Each structure stands twice: as structure tokens, then as C-alpha cells.
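Overview (structure and organization)
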Amino acid sequence: MLLDPRLLERITPDDREALFEVAHFLRKAEHAWNRIDGGKQCELNAQHHDDGSLALCLRRAMQAADELIEATEGAGNR
């Protein structure tokens, strides 16, 4: 993923730290979700009628956070 150069030059070390914090809490949320028995997870997902399960949304959010962290590598050090 390539960020717009104008955005990349405005990313600060604090912004990157915040992205790492978001990724950390998303992983904690996934860990908490995985503590629920698999069968109960399926039942809970069946009650949820949006486009994706909680597990899928967490996975996509973690992927997005990781991609943004990678894309902003080196930002704020210029």
C-alpha cells in the first residue's frame, strides 16, 4: 500500500505510535473473542446479520492497521 506523499510527510512519530496502539488493542480484542467456545462463536455470529462476523471484522481491521503501519514506516523521521 502506498500512501499519498502529502499525507506521508505529515505523519508524526506520535501518529505511528497511535497506529501501533490500535493494532495492539485489535489483537487483544481478537484474543478475547477467541476465548469464547467455537460453537458459541458460531451461534453468536448467526445472531449477527451484517456483512461480516466479528472475527472477520477484527481480522480485516488488524490487516488494515498492519498495512498502515508498514506504509508509514520511516515517516516522521525526516
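Preceding this section is the structure that the text describes.
Note that the structure is predicted; figures quoted are calculated from it, not measured. (Residues numbered from 1 in each chain as written. Predicted model: local features only at pLDDT ≥ 70, side-chain atom pairs only at ≥ 80, totals over all residues. Heavy atoms only, no water.)

1. Details of the overall build of the protein
Along the protein, the regular secondary structure elements total four helices and zero strands. Along the protein, helices and strands appear, N-terminal first, in the series α-α-α-α. For 78 residues, the compact-globule estimate of 2.2 N^0.38 gives 12 Å, and the C-alpha radius of gyration of the protein, at 16 Å, exceeds that figure by more than 25%. With respect to the principal axes defined by its C-alpha atoms, the protein has extents near 50 × 20 × 15 Å. For the protein, with 78 residues in total, the buried portion stands at 22%. Once local pairs closer than 6 in sequence are excluded, the contacts in the protein between residues at least 24 apart make up 80%. Approximately 6,000 Å² of the protein is accessible, and the part contributed by carbon and sulfur atoms is 53%. Once the 10 positive and 15 negative side-chain charges of the protein are each reduced to a mean point, those two points are 2 Å apart. (Helix = DSSP H or I, 4+ residues; strand = E, 2+ residues; numbered from the N terminus. Rg over C-alpha atoms; globule rule 2.2 N^0.38 Å. Buried < 20%, exposed > 50% of the residue type's maximum accessible area, 1.4 Å probe, protein only. Contact = heavy atoms within 4.5 Å. Areas by Shrake-Rupley, 256 points an atom, 1.4 Å probe, with all protein chains shown as cover. Lys, Arg positive; Asp, Glu negative; His and termini not counted. Charge placed at Lys NZ, Arg CZ, Asp CG, Glu CD.)

2. Looking at the nonpolar core
Nonpolar side chains in soluble globular proteins tend to be buried together. Judged by nonpolar contacts, Ala23, Leu26, Trp33, Ala55, Leu58, Met62, Ala65 and Ile69 together constitute the single largest core of eight residues. By residue number, the principal contributor to this core is helix 4 (residues 54-71), which donates five residues. Not counting residues up to four positions away in its chain, the partners in contact with Ala65 are Ala23 and Leu26. Counting residues in hydrophobic clusters, the runner-up holds five residues, among them Leu3, Leu8, Ile11 and Ala71. (Core = buried A, V, L, I, M, F, W, Y, C linked by side-chain atoms within 4.5 Å.)

3. Considering helix 4
Taking 1.5 Å as the rise per residue, helix 4 with 18 residues should run 26 Å; its terminal C-alpha atoms sit 25 Å apart, in good agreement. Three or more residues of helix 4 are buried, namely Ala55, Leu58, Met62, Ala65, Ile69 and Ala71. (Expected span 1.5 Å × (residues − 1).)

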